[in-house]
Structures are given as C-alpha cells and as structure tokens.
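# Structural overview for review
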Amino acid sequence: MTQPVFDLTYYVKGALAGGICCSVTHGALCPVDVVKTRIQLEPLKYNKGMIDGFRQVIKAEGMAGLATGLGPTAVGYFVQGWFKFGGVEFFKTKAAGFLGEEKAWQYRIPIYLGAAAGAEFIADIFLCPLEATRIRLVSNPSYASGLMTAFPKIIKQEGVVKGFYSGFGPILFKQVPYTMAKFAVQGWAAEQMYRAIRTSPDQASEGLKLTLALSSGVVAGVAAAIVSHPADTLLSLVNKEGAGGNGTIMQRLVVLAKESGFRKLCLTGLGPRCVMIGSLTAGQFAIFDTVMSLTGAQKFKFVDPASKIE
C-alpha cells in the first residue's frame, strides 16, 4: 500500500490531535497528579498511599482541592501535546523519507527515539512555565487563585528564568527519556500485538485498532513512568518555594537529590505514577488515533519490505 503524502496539513492534524489527547488526558487525571505531587513534596504527611492521600486532600480542602492546578495543566499539556505529537510525526516522516522504506524499517526504533527526543525538547520550552505554575499551586493552594493570577505573581517575585525555568533541567531529564520510551515502546508493543493476532493496521477494524492502541499505550506508559520517575520527583521538589536553597538551579538540584536519596527519588510516588501514566498514555494514543481518523489523516507507519514479497 502506497504511503500518503505528508505535508503541512498532515502535520497540523497531528499537532491538533496531540494537543487534544494530552490536554484531555492530563486534565482528567489532575486529581491523581495532585495526590502524587503531594506525596512527593510532603512524604511525611502523605505517607499512607494513594487512597489515603485522596482522603487527606478532600478533608483539608474539599473536592475542589483535587482540581488544584487544572488550568495550567489543561493549557500546558495542550501546547506540549501540539509540539510533541506533531513534532514526532514531522521528524519521523522526514527521517523515513531520507533513509528510504527499507532502511527506515530496519532503523525504526532509533527513528522513534530520535523523533521523540527532538519533539519533546521543543515542547518542553513551552511546557516548563505552565508546569512550574501547576506545581506551585499544588504545593501551596493559597499562593494564587489560578493560572492567570499565579503567572504574574511568579514573574514579579522571582523573574522569568528562576520562576519558570528552574525546573527546565529536570523536566528535560524527565520528559525526554519518558517520551522516547513512550513512543518507542508503544510502536514496538503495537507491532508485536498485530503480529500475534496475524493482522495489520490496514486490515484491522476501527474497534480492534482502538483496543490495540489502548493496550500498547498501557505497556508504554508503565515503562516510561519507571524510566522518568527520579527526574519527576526532582521536578516536583525544585518548584516548591524555597526548596534546595538559593544557589543555581544545578546546585539546588544536587542539594535536593542528596536530601532525598536515590531510593526515595526512584520509589516515592512510583505506584500512583505508574497508574496515572499507564492510564494517561493509553488514553493519549487512543484519542490521538481517533482524532486523526476523524480529520481524515492517514497515519504514517513503517512498512516491512518483506511483507510485500508474501
């Protein structure tokens, strides 16, 4: 089957689908993220697991406490999803076009990894200020009433670089490996699932494609969560007001890493995050595929040259 043309319209559709899927899934899981972030920031207070963490937040702040940071979450992840999914499609198709069909199939995993890394770096430049604002609101709900009031307050108190980009290093260490694992593992897992049931995306029904997108997304999400969790913990800590002292960003990160210890960085809040990221990633790939289909876009796929000989 001939690959469709990948032009500006295709990339805009991919970016739009990516923005929608990331905004919807991160927004829907905002309550889980609130509890996960609290566990990371205050492990002595929130020390009885995820369910009890929900109870503690609701008891102290009401149900509205679980929606803390929803504004920057929805906006930030729409922007990030736009550049991430759109960027992955752009870099992936360009690399495949440059290498040719046979070599693109042979090197599909490195292409997934490289495309994901490049797209995520660009996306994080736009995500970082909104993620810093979200964490500030979650760690201190009385800091501001929402995104529109928190943004200027952070700029006034700390400036743009310290206020919004203190976590840029950790967010890269978190998001770049996370996204590389997410796209590479999902692509590999979906490929294995199609092979196991002896069919292909061209032959599968829409229902089967949705099921496999969800299933491969869960596998990818759990793998990505484990890989990126230490940096996620550091990111939560460094955006907490006064955390790590008053040195440079790297000095503060070193202080926070030493204070936390390797075991806590890797394991604190990992369970809730695996649940969250596994669900989130499954939902993202399912929504992305659905929106792409609704827009009439034919998704790029790597083609095994051997399949044409059969």
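Residues numbered from 1 in each chain as written. Predicted model: local features only at pLDDT ≥ 70, side-chain atom pairs only at ≥ 80, totals over all residues. Heavy atoms only, no water.

## A look at the packing of helix α1 (residues 8-28) against helix α4 (residues 70-99)
Here is the rule: To define axes, lines are fitted to C-alpha atoms, for helices over the stretch in contact only, and angles between the resulting N-to-C directions are given on a 0 to 180 degree scale. In this text, helices come from DSSP runs of H or I with a minimum length of four residues, and strands from runs of E with a minimum of two, each type numbered from the N-terminal end. We call a crossing left-handed when the near helix sits turned anticlockwise from the far one by less than a right angle, and right-handed when that turn is clockwise.
Packing of α1 against α4 leaves a shortest axis separation of 6 Å and a crossing angle of 145°. Once α1 is placed against α4, the crossing between them reads as right-handed.

## With respect to the side chain of Lys92
Heads up, the condition is: Pairs of N or O atoms are called polar contacts if they sit within 3.5 Å, as long as, within protein, a hydrogen donor faces a hydrogen acceptor (for residues adjacent in sequence, only side-chain-to-side-chain pairs). By definition in these notes, contact holds between two residues if any of their heavy atoms fall within 4.5 Å.
Here Lys92 lies in helix α4. Within the structure, Lys92 has its side chain in polar contact with the side chain of Glu89 (distance 3.1 Å). If near-sequence neighbours (up to four positions away) are discounted, Lys92 is found in contact with Ile111, Tyr112, Ala115, Phe300 and Phe302.

## Remarks on the layout of surface pockets
Where we set the bar: Cavities and pockets were defined on a 1 Å grid built from protein atoms only: a cavity is a group of points that admits a 1.4 Å probe but offers it no way out, a pocket is an open group of points flanked by protein on both sides within 12 Å along at least five of seven lines, and a lining residue is one with an atom within 4 Å of any such point. Grid points are joined across faces, edges and corners, and a volume is the space filled by probe spheres set on the points.
Put simply, the largest pocket is a space of about 1,500 Å³. Considering the residues around the largest pocket, the lining is formed by 45 residues, among which Tyr194, Ser200, Pro201, Asp202 and Lys301 are closest to the centre. Among the elements of the structure, α4, α6 (108-139), α8 (168-196), α9 (206-238) and α12 (270-294) are those that each provide at least two residues to the lining of the largest pocket.

## With respect to the packing of aromatic side chains
The description of an aromatic ring pair rests on the distance of the ring centres and on the angle between the ring planes. To keep it simple, the criterion reads: For Phe, Tyr and Trp, rings pair up if their centres lie within 6.5 Å, where Trp contributes its six-membered ring, and each pair is then called stacked (planes under 30 degrees apart), edge-to-face (over 60) or tilted (otherwise). The rule is simple: take the accessible area with a 1.4 Å probe, protein chains only, and divide by the maximum for that residue type; under 20% is buried, over 50% is exposed, in between is partly exposed. Comment: the charge-over-ring label is applied if NZ (Lys) or CZ (Arg) is within 6 Å of the ring centre and within 35 degrees of the ring normal.
Enumeration over the complete set of coordinates arrives at 16 aromatic pairs. Summarising the aromatic geometry, the rings of Phe183 and Phe285 are spaced 5.6 Å apart at their centres and angled 80° between planes, so their arrangement reads as edge-to-face. You can see Phe183 sitting in helix α8 and its partner Phe285 sitting in helix α12, a full 102 residues away along the chain. You'll find Phe183 and Phe285 in the same group, each marked buried. Here a set of aromatic residues connected by ring pairs shows up, and it is made of Phe6, Tyr10, Tyr11, Phe90, Phe91, Tyr112, Phe300 and Phe302. Sitting above the plane of the Tyr143 ring, Arg136 keeps its charged end 5.3 Å from the centroid.

## Some details on a nonpolar patch on the surface
For the record, the criterion: Exposure above 30% relative accessible area and no salt bridge define the residues that can form patches, which grow by joining like charges within 9 Å and nonpolar side chains of Val, Leu, Ile, Met, Phe, Trp and Tyr within 5 Å. In short, Shrake-Rupley with a 1.4 Å probe defines the accessible areas, and a residue's cover is counted only from the protein chains shown. Throughout this description, the term salt bridge denotes a Lys or Arg side-chain nitrogen within 4 Å of a carboxyl oxygen of Asp or Glu.
A contiguous nonpolar surface patch, about 430 Å² in accessible area, is contributed by Leu8, Val12, Leu16, Phe78 and Trp82. Taken together, the elements giving at least two residues each to the nonpolar patch come down to α1 and α4. Counting residues per element, the nonpolar patch draws most heavily on α1, which supplies three residues. For Leu16, a relative accessible area of 34% corresponds to the partly exposed category.

## Section: the nonpolar core
Inclusion rule: Note on terminology: a nonpolar core comprises buried Ala, Val, Leu, Ile, Met, Phe, Trp, Tyr and Cys residues joined through side-chain atoms within 4.5 Å.
Tyr10, Phe85 and Phe302 are the most contacted members of the largest nonpolar core, which totals 34 residues. Taken together, the elements giving at least two residues each to this core come down to α1, α4, α5 (101-106), α6, α8 and α12. In terms of residue count, the dominant contributor to this core is α6 (eight residues). Aside from chain neighbours lying at most four places away, what touches Phe85 is Gly14, Gly18, Cys21, Cys22, Lys182, Phe183, Gln284, Phe285 and Phe288. Membership of the second largest hydrophobic core comes to 18 residues, among which are Leu29, Ile39, Tyr178 and Met276.

## Comments concerning the confidence of the model for the protein
Note the cut-off: For every residue, the predictor states its confidence as a pLDDT score lying anywhere from 0 to 100.
Looking at the protein, pLDDT values average 87 and 97% of them are 70 or higher. The secondary-structure element of the protein with the lowest mean pLDDT is helix α10 (residues 249-260), recorded at 81, while α1 shows the highest, at 95.

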